[in-house]
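Listed below, chain by chain, are the residues.
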Amino acid sequence: MNEKNIKVVVADPSALGLFGLAMVTLVASSQKLGMTSEVSLVLPWAIFLGASAQLMAAIYDFKHNNTFGATAFAAYGFFWYAMGFSWLVQNGVLGEQLAANADVKQLGFAFIGYFIFTVFMTIGAMETHKVLFTIFVLIDLLFLGLAGSALGIMEEAMHTLAAYSELAISLVSFYGCGAAVLNTHFGKRFLPVGKPFGIFKK
């Protein structure tokens, strides 16, 4: 019996995933920095850009057999779904009793979990390129700040760390998105992203 392997070529989804990340962190950081207030209009961007765009990127990275990219985009996509749902709970949309019983420290433990996840993903990003590595380092700082703030540990300082880290994530992610689109579109290095560190891979 003869077997045939058919290769299906799909475009690199990293530009879409990075755009989703860039947009949601830009909007969310504006609230943390006090330039805007509340999360009512952060929520749509969290659901459609932070969550759905990154999840779509993850699905296509799975088709690329890219475990690292697919896991990263899926994990952070589901993070934004969870944050959106948490904001709905906190704002009483799902009932006053749920809002009254909400314990923000539980979010703190979720942020610790994502911090642990991001640390080993940062190690993986070292062998992708330096722009992605920078994004992951900034995400490490974001989750560190979010966890400290939610758990009441140096709350003001940790909130400030989270706010500026999130803004920096947005700016670097916009650059990474632009590089992914333009470098592919022009078929050359139009925007440099930096070589892998070459420490773990031969």
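Below: a short report on this structure. Computed from a prediction, not measured in an experiment: that's the story for all the values here. (Residues numbered from 1 in each chain as written. Predicted model: local features only at pLDDT ≥ 70, side-chain atom pairs only at ≥ 80, totals over all residues. Heavy atoms only, no water.)

## Remarks on the packing of helix α1 (residues 14–32) against helix α2 (residues 43–63)
Taken N-terminus to C-terminus, the directions of α1 and α2 make an angle of 160°; their axes are 8 Å apart at the nearest point. The pairing of α1 with α2 is recorded here as roughly antiparallel in orientation. Here α1 runs over α2; the crossing is left-handed. In this structure, α1 contributes Leu-16, Gly-17, Phe-19, Gly-20, Leu-21, Met-23, Val-24 and Val-27 to the contact, and α2 contributes Trp-45, Ala-46, Leu-49, Gly-50, Ala-53, Gln-54, Met-56 and Ala-57. Partitioned by chemical class, the residues of the contact of α1 with α2 number 12 nonpolar, 4 polar and no charged. (Axes fitted to C-alpha atoms, helices over the stretch in contact; angles between N-to-C directions. Helix = DSSP H or I, 4+ residues; strand = E, 2+ residues; numbered from the N terminus. Parallel < 35°, antiparallel > 145°, perpendicular 65-115°, else oblique. Left-handed = near helix turned anticlockwise from the far one by under 90°. Contact = heavy atoms within 4.5 Å. Nonpolar A, V, L, I, M, F, W, Y, C, P; charged D, E, K, R; others polar.)

## A look at the environment of Ala-58
Relative to the assigned elements, Ala-58 resides in helix α2. Owing to a relative accessible area of 0%, Ala-58 belongs among the buried residues under this scheme. Sequence-wise, Ala-58 and Glu-166 are 108 residues apart; in three dimensions their C-alpha atoms are separated by 21 Å. In this structure, Ala-58 is in contact with Ala-70, Phe-73 and Ala-74, ignoring residues within four places of it in sequence. (Buried < 20%, exposed > 50% of the residue type's maximum accessible area, 1.4 Å probe, protein only.)

## Description of unusual backbone geometry
For Glu-38, which is not glycine, the phi dihedral falls at a positive 60°. Since its relative accessible area comes to 53%, Glu-38 is described here as exposed. Located in the positive-phi region is Met-154, a residue other than glycine, with phi close to 45°. Tracing the backbone through its elements, the reader meets Met-154 in the loop between α6 (130–150) and α7 (155–186). Given the relative accessible area of 58%, Met-154 is considered exposed.

## Some points on the pattern of salt bridges
Applying the stated criterion across every chain yields a total of 1 salt bridge. With its nearest N and O atoms 2.8 Å apart, the salt bridge here joins Glu-166 to Lys-32. Here Glu-166, found in helix α7, pairs with Lys-32, found in helix α1; they are 134 residues apart in sequence, far enough to count as distant. Exposure class is identical for Glu-166 and Lys-32. Each is buried. (Salt bridge = Lys/Arg side-chain N within 4 Å of Asp/Glu carboxyl O.)

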